[in-house]
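Below, each chain spelled out in residue letters.
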Amino acid sequence: MSQEFHDLVFSGTGPGAQTQDGCSVELYRRARYAGEIEHLRPRLPPGTTVLELGCGTGLLTHRLLDFGCEVTGVDNSTDMLAHVSERVRKVHADIEQLALAERFDVVLLPSGLINHADAAVRRAFVAAAARHVAPDGVLILKCQDAQWLRSAAIGHLVRSDGTSIDLVQVDRTPDAQEPRVRMTLKYAMGDDVWTHSFVVVPMDEPAIVQLLDEAGFAAPQALDAKREWFLAGLSARGRRDLRPCPPSPASPH
């Protein structure tokens, strides 16, 4: 990564606390669920045990509870976790180091975390999922639209439910092997304004397939027409390589 891009990987501004990756807690607390996982409901019947990696303030978590799932939510921000329902088992930890003592029917990796700019972090996220998915369980992940990341221009993006989102800065590296995209988004709710700056990598499906395969997952299945949500179970090799998880040093919040 060039020095220019290294200097600004994650940052955020606006009312309230910001997390390590620049997300504004108050913005997430005030956000409203907009049907993001309704298409996943057939995969999440009542009683499904779900490990949500990067649960934030519980935007998706609370809908999983509505589905009847038993949810464990992981986040490295205590400020975020403070807004998650007490019906959720809350774990304060970095995803990369997570090592709980059980496995889950579904491991959920939402929010485009798979697009993290650091390849080692991407691998660590997927490895954490592999450590915690049941032998017959599945990983469900969301990736960001690779074509949009490559082509998006400064301007207004969306206005809904009292929230306005604008792309106010975008830069791209010339690296042909793994181009990175640095963006700054501006969010407005009433008189309150937040910004979030981050660097991501566009991930085409072959790159996602390779990343999952390296961690012991089978080829993924697309779950939506836009091909942003994918489901993958463990491959035969992944099931053979299963090891018991040691007790985690992470503490329930």
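Residues numbered from 1 in each chain as written. Predicted model: local features only at pLDDT ≥ 70, side-chain atom pairs only at ≥ 80, totals over all residues. Heavy atoms only, no water.

S.K.: With reference to specific residues and values, describe the environment of Ser160.
M.R.: Residue placement: Ser160 occurs in strand S7 (residues 155–160). Through-space distance from the C-alpha of Ser160 to that of Ala93 is 32 Å; in sequence the pair is 67 residues apart. (Helix = DSSP H or I, 4+ residues; strand = E, 2+ residues; numbered from the N terminus.)

S.K.: Report on the pairing of strand S10 (residues 192–200), specifying residues and quantitative values.
M.R.: Relative to S10, strand S1 (residues 10–13) is paired through four bridges, and the arrangement is antiparallel. In the sheet register, Phe10 faces S10, and the bridge partner there is Phe198. Summarising the sheet, strand S9 (residues 181–189) and S10 pair through nine bridges and their orientation is antiparallel. Looking at the pairing, Tyr187 lines up with Trp194 of S10. Once S9 ends, the chain turns through two residues before running back antiparallel as S10, passing Gly190 with a positive phi of about 60 degrees. (Pairing = 2+ DSSP bridges.)

S.K.: Give me the pairing of strand S8 (residues 163–172): which residues, what numbers.
M.R.: Relative to S8, S7 is paired through five bridges, and the arrangement is antiparallel. The residue bridging Gly155 from the neighbouring strand is Leu167, located in S8. Where S8 and S9 come together, nine bridges link them in antiparallel fashion. Paired with Ser164 across the strands is Ala188, a residue of S9.

S.K.: I'd like a description of the environment of Ala128, backed by residues and values.
M.R.: Inspection of the secondary structure assignment puts Ala128 in helix H5 (residues 119–132). For the pair formed by Ala128 and Gly56, sequence separation is 72 residues and the distance between their alpha carbons is 17 Å.

S.K.: Can you lay out the pattern of salt bridges for me, pointing to particular residues and giving the numbers?
M.R.: By the definition in use, this model includes 14 salt bridges. Here Arg89 makes a salt bridge to Glu102, at a shortest N to O gap of 2.1 Å. Separated by 13 residues along the polypeptide, Arg89 in strand S4 (residues 89–92) and Glu102 in the loop between S4 and strand S5 (104–109) bring together distant segments of the chain. A relative accessible area of 32% places Arg89 in the partly exposed class. Glu102 gets classed as partly exposed once you look at its relative accessible area, which sits at 28%. (Salt bridge = Lys/Arg side-chain N within 4 Å of Asp/Glu carboxyl O. Buried < 20%, exposed > 50% of the residue type's maximum accessible area, 1.4 Å probe, protein only.)

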